[in-house]
Structure formats: C-alpha cells, structure tokens
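Spelled out from the first residue to the last, the chains are:
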Amino acid sequence: MKTAGGAALGGAAALALPHAARGAASAQTARPNVVLILTDDQGYGDLGCHGNTVIRTPNLDRMHAEGLRFTDFHVSPTCSPTRCSLMTGRHEMKSGVTHTILERERMSLKATTVAQVLKSAGYTTGIFGKWHLGDEPDHWPDKRGFDEMFIHGSGGIGQTYAGSCGDAPGNSYFDPAVLHNGTFEKTQGYCTDVFFGQATKWIDEKRKASAPFFAYITPNAPHAPLVCPEDYIKKYEGQGLGKNVMAFFGMITNIDDNVGRLLAKLTEWGIEKNTLVIFMNDNGGTAGVGVFNAGMRGSKNSSYNGGTRAASFWRWPGTLKAGADVDKLACHRDIFPTLAELAGAKVPDAVAAKLDGRSLVPLLKDPGAPWPDRYIFTHIGRWAKGQAAQSKYAGCSVHSPRYNMVSPGKSGGDGKWELYDLKEDPGEKKDVADQHPEVVKEMSAAYDKWWDEILPCLENEDAVGPAVNPFKELYWKQFGGGPADPSAAPAGKQKAQGKRDKP
C-alpha cells in the first residue's frame, strides 16, 4: 500500500481486519459505497451518546455503538471552512476560504476535490443539501466532481448577503426551492426530509445499477433559523427548555429519524456491509451549548476545543470494529486521503504533494496503530476586508495531541498565546503557558511557518461579487419576477421560526 506521490492506493481490500471473516473478501472488503453525513451547527455535545441526557438521538447513538469512533477529531470553527477542508484535504485558507460570506466562502477553482478523485476511480457522486463553497455557476458542485447536485444556496435556506452568496428568493425550511442539476424544483415537505429523501432515492438508483457511489448528505439543519415540524418541538416540552433550544433539539431529532430510515434502507437493500456510513458535524456547538457541551470551553466561531472538536462515527458492518474508540488526533482534512485510499483511487502527484490530511486507514484497521504526532492549525478568519496580514493572531490555535495553544483575540491579537494541557485540563480552565515556555516556543514557530504559507493563498480577499445574486437570477429567469416585481411568489412558507443565526 502506497500513499505518497500519487501512486495507486491499496483500496479497501487492505482493510481486512482480524475480526472480519477471512475469505469473504469480496463483499465486505471490496471498495465500499460511501455515505458521508455532515450536519450544520450541531455540536459535539448535541448527542445522547456523548452524555447529553436531554436530547433524543437513538439512531446516531446506534451509529456510535455500531461504528468506530474518533474521539479527538477536529474541524474548522465555522461551516464553509470545514466544507472546503473536507473537500480538498487541505487547510481551507489554502483554497482561499476565509469567511462564510463576501465571496470569501468560494473554494478556489484550482482546488481538486475528493468527489473528483472518487469519480476518477469509477464512483458516481452526489450532494444533497448545503454546499456553501460558492453560489456562482462555475463554483457549483456539478463543476467540482459531483454527478448529482441537489442543493440550496448560501449558508442557510433563505439567507442572502451582499455579493454572490444567497439562496432562492423567499426560500424557507418548508417546501424549499432546491437547485437540482441546474434547474430549480419546488419541493414539498421539511427541508431535512427532502434532502434525505432525494439522497435515498438516488442511492437506490445507483445500487440497482451496481455502481459504487459517494453520497454527500449535508442538511442545513440544525442551523438557524430554528425551524422544524411542531411534533418535534413537542418532544421537548415540559423540560424547562427555551423555545429556541426545543426547536434546535427537535431539528436534530428529525435528522436522527432520517439517519435511522437510511440505515434501514441499506439493510433492506442488502448493501449494509458494502457501505461505509460516516457521520460528523461541521463546527462547535450553538443553541445547545447552554444545556450540554461535554465539559468543553468554546463553541462555534471559537478556537478553543469546544469550537473545533466534532463527532466522527464510521460504520461499516463486518469490516470496522464496532464500538472501537480511536484517541489519536485526527481532523476533517483526513477524509480526502482516507476515501481515496478506500476507493483505490489515484491521487494526482501534484495534489498528493499538497495534502495536509493523512489517510486514516491504518487507524480504521487498528485503533492502536502508530500515529505520528502532528499539529492542527485553526484560524477563525472573518477579518475585515483588507485586514488579512494584520489578523495573524486574531482568533487562532495550534492543536497537538496534548496541548491546545490559543490566541483568542478577534481584533488583531498581540501574539500572546494561552496554553492548555488537554490531558490534565480538558475544559481549558488553566493557562499553563508560563510553565511551559519551551512548548509555546515550538508551537509558535510552527504557527509562524504555517501563516507564511497561508498568506499567498488568500485569493478571494479582494473579490467583487456580481450585481445580482446568481441563485435569485436563475430563479427569476425560471419562474418570473425579480426586484421590479414585488408580487413574485416566495419559494415557501415558514411554519415556525426562532432567532436567525449569524452566517
């Protein structure tokens, strides 16, 4: 098995584990179908299996019990950055993503995606839900390696910002207008049900054709506005929770029900043992942090542990060991090389040389496998226009297997680092920078080198967006209406709404 230089990788056959039946090579160790579920603004603590005694997530808890779990898995502090890193296997800023709006959410057209690599290996690829890496047509996922595109615009259904980032006009969580392979469809039902329903239909088509598939299911839930069917809100009545938290937990329970239905279909269709299902969330917690945050400090848009630690469940019955914990430091950038290896794909030499992620296959095979120490760099970004160079220390961190070194300042920072020993102090309550100056010096030097690599890559900082949002323009072209026609019908109608979140 080779992983460098773009050589063909070993494929799933190399993953045969001691507990798996030898001789059944085939079905259980052939290249797997892959379903990757990425939720939006759900935190690590918003799962029953992680200790939350209020939320109801029986199907995700089942995935946790039946799968292999990465317990020190990290993502970016906000959504577009996480999605970019996952797609490219590189730090998001190396593909120009430094924000979630203002054209700074657009993934560089020079980037190669994991969907492109899997497609080159014979996989059929589909995305269902949130993209948020550019709403202009040349940035759409159907130009980035996806055969099937079923998405909303912007960071949330109905959101619109100055420039190119925006969804269909008047769109809502119920009966949303969805961009399906370049044409809007006015759907019926709640958005999460719509996205999972379309993904399930597509998976059924692909499995009938015996084609290996990669289904990327990316619901916009539980991102605000906090909207879900009333019966899900009622599940949380009588517990002293606020309306927004009830709706937020209801949105997650709705996701959980959809995951349960999808798992049942995989079993019904007889492809459960040929399908790797991965579940993860895209940044630190939001509306549920006040109820339970797994003892962590920080939330979304923070470089503390609570802003980047994420769930990471890998379920592949008969191949991956159920209930196994992997405590090695891993991150979303590892998804690209891992899926490439499992698919037996050839990563182009120039792409492989620039990957920041590592293949997790050794750890999938043996949770105790050797895993060299590493640093994971985080920066919140979101600086004011033209302020990149001055924002070096404005909300960043360097994460090692033991320490998290944090510069929390958001107005430029002064380069004064905080240091937390996560083994002794997982809640990051005691700054030990003064006690370990040698650690700070080494980690700071690594950060300086990384920052110097980042600055030349920030291609979107001066980007100018179009005069008319592309999703709205296409919608009006298809259905009529526009800025001069206030009578144009909205795409849907909200049934319940909480406070609108920041992008």
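For the structure, check the block above.
How each quantity is defined
- Residues numbered from 1 in each chain as written.
- Predicted model: local features only at pLDDT ≥ 70, side-chain atom pairs only at ≥ 80, totals over all residues.
- Heavy atoms only, no water.
- Helix = DSSP H or I, 4+ residues; strand = E, 2+ residues; numbered from the N terminus.
- Contact = heavy atoms within 4.5 Å.
- Pairing = 2+ DSSP bridges.
- Axes fitted to C-alpha atoms, helices over the stretch in contact; angles between N-to-C directions.
- Parallel < 35°, antiparallel > 145°, perpendicular 65-115°, else oblique.
- Left-handed = near helix turned anticlockwise from the far one by under 90°.
- Nonpolar A, V, L, I, M, F, W, Y, C, P; charged D, E, K, R; others polar.
- Buried < 20%, exposed > 50% of the residue type's maximum accessible area, 1.4 Å probe, protein only.
- Arc of directions from axis to C-beta.
- Phe/Tyr/Trp six-rings, centres within 6.5 Å; stacked < 30°, edge-to-face > 60°.
- Salt bridge = Lys/Arg side-chain N within 4 Å of Asp/Glu carboxyl O.
- Core = buried A, V, L, I, M, F, W, Y, C linked by side-chain atoms within 4.5 Å.

## Digging into the overall build of the chain
In terms of regular secondary structure, the chain is built from 13 helices and 17 strands. Across the chain, every contact between residues at least 6 apart in sequence was considered, and the portion connecting residues at least 24 apart equals 71%.

## Concerning the sheet that holds strand β14 (residues 376-379)
Spatially, the four strands line up as an open sheet ordered β14-β15-β16-β17, and their pairing is antiparallel. Edge strands, defined here as strands with exactly one partner in the open sheet, are β14 and β17 (418-421). Adjacent strand axes in the sheet meet at a mean angle of 15°, parallel and antiparallel pairs treated alike. In this sheet, strand β15 (residues 396-399) lies alongside β14 in antiparallel orientation, the contact comprising four bridges. Pairing of Ile-376 across the sheet is with His-399, part of β15. In the packing of helix α12 (residues 437-454) onto the sheet, the strands contacted are β14, β15, β16 (403-407) and β17, and the crossing angle to β14 comes to about 65°.

## Looking at the packing of helix α5 (residues 191-208) against helix α7 (residues 243-268)
One can describe the packing of α5 onto α7 by two numbers: an axis separation of 10 Å at closest approach and a directional angle of 10°. When the axes of α5 and α7 are compared, the pair comes out roughly parallel. For α5 against α7, the interelement crossing comes out right-handed. For the pair α5 and α7, contact is made by Thr-192, Asp-193, Phe-196, Thr-200 and Ile-203 and by Asn-254, Ile-255, Asn-258, Val-259, Arg-261, Leu-262 and Lys-265, respectively. Each residue belonging to the contact of α5 with α7 can be placed in one class, and the counts come to five nonpolar, four polar and three charged.

## Thoughts on helix α2 (residues 58-66)
All of the buried residues in α2 are Asn-59, Leu-60, Met-63 and His-64. With its buried residues spanning 150° around the axis, α2 presents them on a single face. Contacts from the buried residues of α2 go to β2 (68-70), α7, β9 (275-281) and β11 (312-315).

## Notes on the packing of aromatic side chains
Taken as a whole and assessed by the stated rule, the structure comprises 28 aromatic pairs. Aromatic pair Phe-70 and Phe-73: ring centres 6.3 Å apart, planes at 50°, arrangement tilted. Here Phe-70 and Phe-73 have matching classes, each one buried. Put simply, the rings of Tyr-375, Phe-377, Trp-383, Tyr-393, Trp-417, Tyr-447, Trp-450 and Trp-451 touch in pairs and so form one group of aromatic residues.

## As for the packing of α2 against α7
Here α2 crosses α7 at 55°, and the two axes come no closer than 7 Å. The angle between the axes of α2 and α7 places the two elements in the oblique class. Touching Pro-58, Asn-59, Leu-60, Arg-62 and Met-63 of α2 are Asp-256, Asp-257, Val-259, Gly-260 and Leu-263, all from α7. Counted by class, the contact of α2 with α7 contains five nonpolar, two polar and three charged residues.

## So, helix α9 (residues 335-343)
Among the nine residues in α9, nine count as buried, and that is most of the element. Residues of α9 that are buried: Ile-335, Phe-336, Pro-337, Thr-338, Leu-339, Ala-340, Glu-341, Leu-342 and Ala-343. Just downstream of α9, Gly-344 is the residue with a positive phi angle, here 65°.

## Describing the sheet that holds strand β12 (residues 325-326)
Read from one edge of the open sheet, ten strands run β7-β6-β5-β4-β8-β1-β9-β11-β2-β12, paired in mixed fashion. The outermost strands of the open sheet, each flanked by one partner alone, are β7 (183-186) and β12. For strand β6 (residues 177-180) and β7, the ladder comprises four bridges, and the chain directions are antiparallel. Each bridged residue has a counterpart across the sheet, and for Ala-177 the counterpart in β7 is Lys-186. The strands touched by α9 are β1 (33-39), β8 (213-218), β9 and β11; relative to β9, the strand with the most contacts, the crossing angle is about 175°.

## Quick word on the environment of Ala-394
With respect to the helices and strands, the residue Ala-394 is situated in the loop between β14 and β15. Owing to a relative accessible area of 8%, Ala-394 belongs among the buried residues under this scheme. Linking Ala-394 and Gly-381, residues 13 residues apart in sequence, is a C-alpha distance of 7.7 Å.

## Regarding the pattern of salt bridges
It is possible for side chains bearing opposite charge to pair when their charged atoms get close. Using the criterion set out here, one finds 24 salt bridges in the structure. A single salt-bridge network, built from bridges that share partners, covers Asp-40, Arg-83, Lys-130 and Asp-282.

## Considering the nonpolar core
Core analysis: the largest hydrophobic core is formed by 62 residues, its most contacted members being Phe-70, Met-87, Phe-214, Tyr-216, Trp-314 and Leu-339. Counting residues per element, this core draws most heavily on α9, at six residues. Other than its neighbours up to four places away in sequence, Met-87 contacts Met-107, Thr-112, Thr-113, Val-114, Trp-131, Leu-133, Phe-146, Tyr-216 and Phe-336. If you look at the next biggest cluster of nonpolar residues, it comprises 51 residues, including Phe-196, Leu-226, Cys-228 and Leu-262.

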